[in-house]
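Given next are the chains, with one letter for each unit.
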Amino acid sequence: MQYKKLCMVMVVMASAMKLSAQTTLTIQTDKPITEIQPTMWGIFFEDINYGADGGLYAELVKNRSFEFFQPMMGWKQINYDKFSSNSTSGDFQIITRGVEEANPRFARLFIKGDKGIGLSNEGFFGMGIKKDGSYTFSIWASQLEGSTSIRIELVDSKGNVIGQTRIVPSSSDWKKYTVEFKASATDAKANLNLWFEGKGTLDIDQVSLFPQDTWKKRPGGLRNDLVQLLADMKPGFVRFPGGCIVEGRELATRYQWKKTMGKVEDRTLIVNRWNTEFEHRPAPDYFQSFGLGFFEYFQLAEDIGAEPLPILSCGMACQFNTAELVPMNELDPYIQDALDLIEFANGDVTTKWGKFRADLGHPAPFKLKFIGVGNEQWGPQYIERYKVFSKAIKQKYPEVKIVSGTGPFPDGDLFDYATKELKELNAEIVDEHYYRNPDWFLKQATRYDNYDRSGPKIFAGEYAAQSKAIASPDNKNNWLCALSEAAFMTGLERNADVIHLASYAPLFAHAEGWQWTPDLIWFDNLNAYGTPNYYVQKLFSTNKGTHVLSVLAGTEKVTGKNGLYASSVWDKNTKEIIVKLVNASDKEQTTTLQFKGSKKLQSKGVVHVLKSDNLEGVNSFEQPKQVAPVEQPINGKGKNFTVKLPAYSFSVVKITVQ
Ligand code: AHR
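All residue numbers refer to position in the chain's written sequence, counted from 1. Reporting in this predicted model follows two pLDDT cut-offs: at least 70 for local features of residues, and 80 or more for side-chain atom pairs to be given and counted; totals over whole chains, interfaces and linings ignore these cut-offs and use all residues. Working from all heavy atoms in the structure, the side-chain values ignore hydrogens and water.

**Looking at the domain arrangement of the protein chain**
Logical step 1: Under the domain assignment used here, the protein chain contains domain 1 (2–36 + 547–657), domain 2 (43–58 + 214–541) and domain 3 (75–211).
Logical step 2: Counting residues at the interface gives 19 residues for domain 2, matched by 18 residues for domain 3.
Logical step 3: Sorting the residues of domain 2 by area buried against domain 3 places Glu-265, Asn-525 and Leu-526 first, and these three jointly supply 41% of that buried surface.
Logical step 4: Salt bridge, as used here: a side-chain nitrogen of Lys or Arg that lies within 4 Å of a carboxyl oxygen of Asp or Glu. Where domain 2 touches domain 3, the interface holds 1 salt bridge.
Logical step 5: Ionic pairing is found between Glu-512 and Lys-189, a salt bridge with its closest N-O pair at 2.7 Å. Source of the domain bounds: an automatic or database domain assignment. When checking whether two residues touch, look at their non-hydrogen atoms; a contact exists if any pair is within 4.5 Å. What counts as buried area is the accessible surface, traced by a 1.4 Å probe, that two parts surrender upon association, with contributions from both included.

**Some points on the packing of aromatic side chains**
Logical step 1: Centres within 6.5 Å are what make two rings of Phe, Tyr or Trp a pair, Trp counting through its six-membered ring; a difference in plane orientation under 30 degrees is then read as stacked, over 60 as edge-to-face, and the rest as tilted. If you walk through the whole model with that rule in mind, you get 51 aromatic pairs.
Logical step 2: Ring centres of Tyr-529 and Phe-621 lie 5.0 Å apart, and the angle between their planes is 90°; this geometry places the pair in the edge-to-face category. Linking Tyr-529 in strand β24 (residues 528–530) with Phe-621 in the loop between β30 (601–611) and β31 (630–637), this pair joins segments that are 92 residues apart in sequence.
Logical step 3: Buried residues are those whose accessible area, probed at 1.4 Å on protein chains only, stays under 20% of the maximum for their type, while exposed residues exceed 50% and partly exposed ones sit between those limits. The buried category is assigned to Tyr-529, whose relative accessible area is 10%.
Logical step 4: Phe-621 gets classed as partly exposed once you look at its relative accessible area, which sits at 28%.
Logical step 5: Put simply, a charge is over a ring when the Lys NZ or the Arg CZ is close to the ring centre, within 6 Å, and near the line of the ring normal, within 35 degrees. Geometry around Trp-274 places Arg-273 over its ring, the cationic atom sitting 4.5 Å from the centre.
Logical step 6: Positioned over the ring face of Trp-570 is Lys-599, at 4.3 Å from the centre of the ring. A run of H or I in DSSP counts as a helix once it spans at least four residues, and a run of E counts as a strand once it spans at least two, with each numbered from the N terminus.

**A short note on the nonpolar core**
Logical step 1: The definition of a nonpolar core used throughout is a set of buried Ala, Val, Leu, Ile, Met, Phe, Trp, Tyr and Cys residues joined through side-chain atoms within 4.5 Å. Formed by 131 residues in total, the largest nonpolar core has its most connected members in Phe-294, Ile-304, Trp-479, Leu-492 and Phe-650.
Logical step 2: The greatest single-element share of this core, amounting to 10 residues, is contributed by helix α9 (residues 479–494).
Logical step 3: A domain-level breakdown of this core finds at least three residues from each of domain 1 (2–36 + 547–657) and domain 2 (43–58 + 214–541).
Logical step 4: Not counting residues up to four positions away in its chain, the partners in contact with Trp-479 are Pro-532, Val-536, Leu-610, Lys-611, Ser-612, Asn-614, Leu-615, Gly-617, Val-627, Tyr-648, Ser-649 and Phe-650.
Logical step 5: Counting residues in each nonpolar core, the second largest holds 33 residues, with Leu-119, Ile-162, Val-179 and Phe-196 among its members.

**Regarding unusual backbone geometry**
Logical step 1: Each neighbour pair has its own omega, and for Gly-242 with Gly-243 the value is 10°, a cis peptide bond.
Logical step 2: Pro-506 follows Ala-505 through a cis peptide bond whose omega is -10°.
Logical step 3: Tracing the chain through its elements places Pro-506 in the loop between β21 (499–504) and β22 (508–510).
Logical step 4: Within the chain, Gln-206 stands out as a residue other than glycine whose phi angle is a positive 50°.
Logical step 5: Relative to the assigned elements, Gln-206 resides in strand β12 (residues 187–211).
Logical step 6: Owing to a relative accessible area of 8%, Gln-206 belongs among the buried residues under this scheme.
Logical step 7: We note that Lys-367 has phi near 55°; this positive angle belongs to a residue other than glycine.

**Here's the deal with the site of the ligand**
Logical step 1: Around the ligand lies a shell formed by Glu-46, Gly-243, Cys-244, Trp-274, Asn-375, Glu-376, Tyr-435, Glu-462, Pro-506 and Trp-516.
Logical step 2: Whenever two N or O atoms come within 3.5 Å, that pair is a polar contact, provided that in protein one can donate a hydrogen and the other can accept it, and provided that, for residues adjacent in sequence, both atoms are side-chain atoms. One of the side-chain nitrogen or oxygen atoms of Asn-375 is found 2.9 Å away from an oxygen atom of the ligand.
Logical step 3: At 2.7 Å, a side-chain N or O of Glu-376 approaches an oxygen atom of the ligand.
Logical step 4: Using the Shrake-Rupley algorithm and a 1.4 Å probe, accessible areas are obtained, with residue cover drawn only from the displayed protein chains. Contact with the protein chains hides 96% of the accessible area of the ligand, taken as 280 Å² for the molecule alone. Any residue with a heavy atom positioned within 4 Å of a molecule or strand is treated as near that molecule or strand.

**Considerations on the sheet that holds strand β3 (residues 43–44)**
Logical step 1: Any two strands between which DSSP finds at least two bridges are classified as paired. Taking strand neighbours across the sheet as the criterion, the 8 strands line up as β3-β13-β16-β17-β18-β19-β20-β21 in an open arrangement whose pairing is parallel. Each having just a single partner strand, β3 and β21 make up the two edges of the open sheet.
Logical step 2: Two strands pair when backbone bridges link them, and strand β13 (residues 237–240) and strand β16 (residues 307–312) are joined in this way by 4 bridges, in the parallel orientation. Its bridge partner lying in β16, Val-238 is registered against Pro-308.
Logical step 3: Helix axes are fitted only over the stretch in contact, all axes being lines through C-alpha atoms; the angle between N-to-C directions runs from 0 to 180 degrees. Sitting on the sheet, helix α6 (residues 380–396) touches β17 (370–373) and β18 (401–405), and the angle it makes with β18 is about 175°.

**Side note on helix α7 (residues 413–424)**
Three- or four-residue spacings in an α-helix give side chains the same orientation, since the helix completes a turn every 3.6 residues.
Logical step 1: Here α7 contains 12 residues, and its C-alpha end-to-end distance of 17 Å stays within 8% of the 16 Å for a straight helix at 1.5 Å per residue.
Logical step 2: Of all the residues in α7, the buried ones are Phe-415, Ala-418, Glu-421 and Leu-422. Seen along its axis, α7 keeps its buried residues to an arc of 145°; they face one direction. What points out from α7, more than 90 degrees from its buried face, is the exposed set Asp-413 and Glu-424.
Logical step 3: Directly beyond the C-terminal end of α7, a positive phi value near 55° is found at Asn-426. In a helix, the anticipated span is given by 1.5 Å times the number of residues less one. Taken from the helix axis, the directions to the C-beta atoms give the arc we talk about.

**As for the side chain of Ser-472**
Logical step 1: Its location among the elements puts Ser-472 in the loop between β20 (457–465) and α9.
Logical step 2: On the basis of relative accessible area, Ser-472 is assigned to the buried category, the value being 10%.

**Some thoughts on the packing of α6 against α7**
Logical step 1: Close contact between α6 and α7 brings their axes to 10 Å; oriented N to C, the two are set at 25°. When the axis of α6 is compared with that of α7, the two are roughly parallel. The way α6 lies across α7 gives a crossing that is right-handed. Residues Pro-380, Ile-383 and Tyr-386 of α6 pack against Tyr-417, Glu-421 and Leu-422 of α7. Convention used here: angles under 35 degrees read as roughly parallel, angles over 145 as roughly antiparallel, angles from 65 to 115 as roughly perpendicular, and any remaining angle as oblique. Handedness of each helix crossing follows the sense of rotation of the near helix against the far helix: counterclockwise by less than a right angle gives left-handed, clockwise gives right-handed.

Shown next, in the form of structure tokens:
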């Protein structure tokens, strides 16, 4: 329905267009309107859709320390037949060793004969294994009695062994054993089999398998291909760890950064809030091991040249769920968490948390500039909590900018209330979220043209056009959505004096494990691809510029008349003038770009064209670049460059100044 309606809107635009097949746009090259913040285009990471465990965090073993609600979830005994006494040479138990332990459970194996006991781990929808890839297997073990060994086998989906090695535990004390081996074949759905052989009693915990080919080859690190897709965007910031995951469905499952650092075995696993969120997409095996924790987030941001932007709980659980509140007189630990985080990121190594950072191997500060108070909270309860957080943070760290929020919707009572209150409180940066249909995005290209310039700066913190309805499982990352986002983003860019940060959300989705769609990047156990929306984001963020230039059709801004949207920037570092043009109509348009001002332009430039003949066109594992930018040359005549804008296209014209 919505799609049909939008097509009608576009047809109307197109018929209007017949009157003006040729447009001239004037770009004033030497009178920049405003600066563009280096943070303008960033990324929003949340552990949703198996974005962390099973995704970015490259651990292949699911439930490695038996801490899921069902301790054997992800595991099965492979030579066990309850009807046959001959089927196995032993047994095992799951033992819980006391509440003071971060991850209290472990497995105790009673191995009674050479046939041994076999345990198999299924990974996250299988394990993605690559031919000739090197893998690191590790396990914590304690040989309580006798003498046993562990035969480690990788098996492909047909049951063929594609890699093996062995460990012989040598001590009755808990000890970590590590071994490396290679895989002989590629398989997206391999399993890990552990055969416990010999005679004795063996305790095991923290069973882990990592590829060595992680990002920057860090042991226990992140999936290389996924980080590369992020790095390619050259994002200005990384927002983490979410999203609703910050808040928790209840306070007990909110994100607590201090519990996500240090040795991985000391990071307490908790349930992921998306485990039970959607009945239509249940994810009973979705937990957070926090192997990807706050230190790794800071490190990731640093690696890809982005500002870290952590968002913290403000003592309010998700208001769509329990809406649990911390009483105002019990907020201190939450506020202290925020202050400690800033000390962790920026403090001298002589401070408690600065030393903690140095001990993790990063003595240099992370130079944190922003901190978020609450994710998507609303109502007076949020405002009163925001007040005490901001007072405490500003008192100690006046230089750190605080990000507050207007709640889940881009308009309506909750939005208006928060906007008014936050303005009165002189909030510095306010986070707005937009999950709306493509038509909304096209129309909202002018959203910020008349925004109050004396108010807070805006963080367009979560947005994505929804092809069907908000968070509908039928939403697609199709070209129509991406094109409408591009049109909207020209409006963000034209208003870069107000918009200081912007990020699409959510970022990642596992093809078999998603709860929420659309998402910017889709992956399975071996492959990943960027959606058309990804290429829109990438074209903006890699062509960010340093200053906004005026681009006019006559005396008017280019905000949708005849389906045309435009913005333009100057990049003082690369000496380029960049014009972004969206043709949302169903006809090709010819546009002459007239560059005015003293700057001398080279006569040749390039145009990056992103388009699809099909508004429902998508990328996929089979055709990952069905909708991807194509580069073409463009020649100018003096200061005029004529460019053909195909129907339903997004073009980025780049001209270098002599
Ligand atoms: O991006 C998915 C969810 O949408 C985020 O967790 C939340 O902030 C918003 O409601």
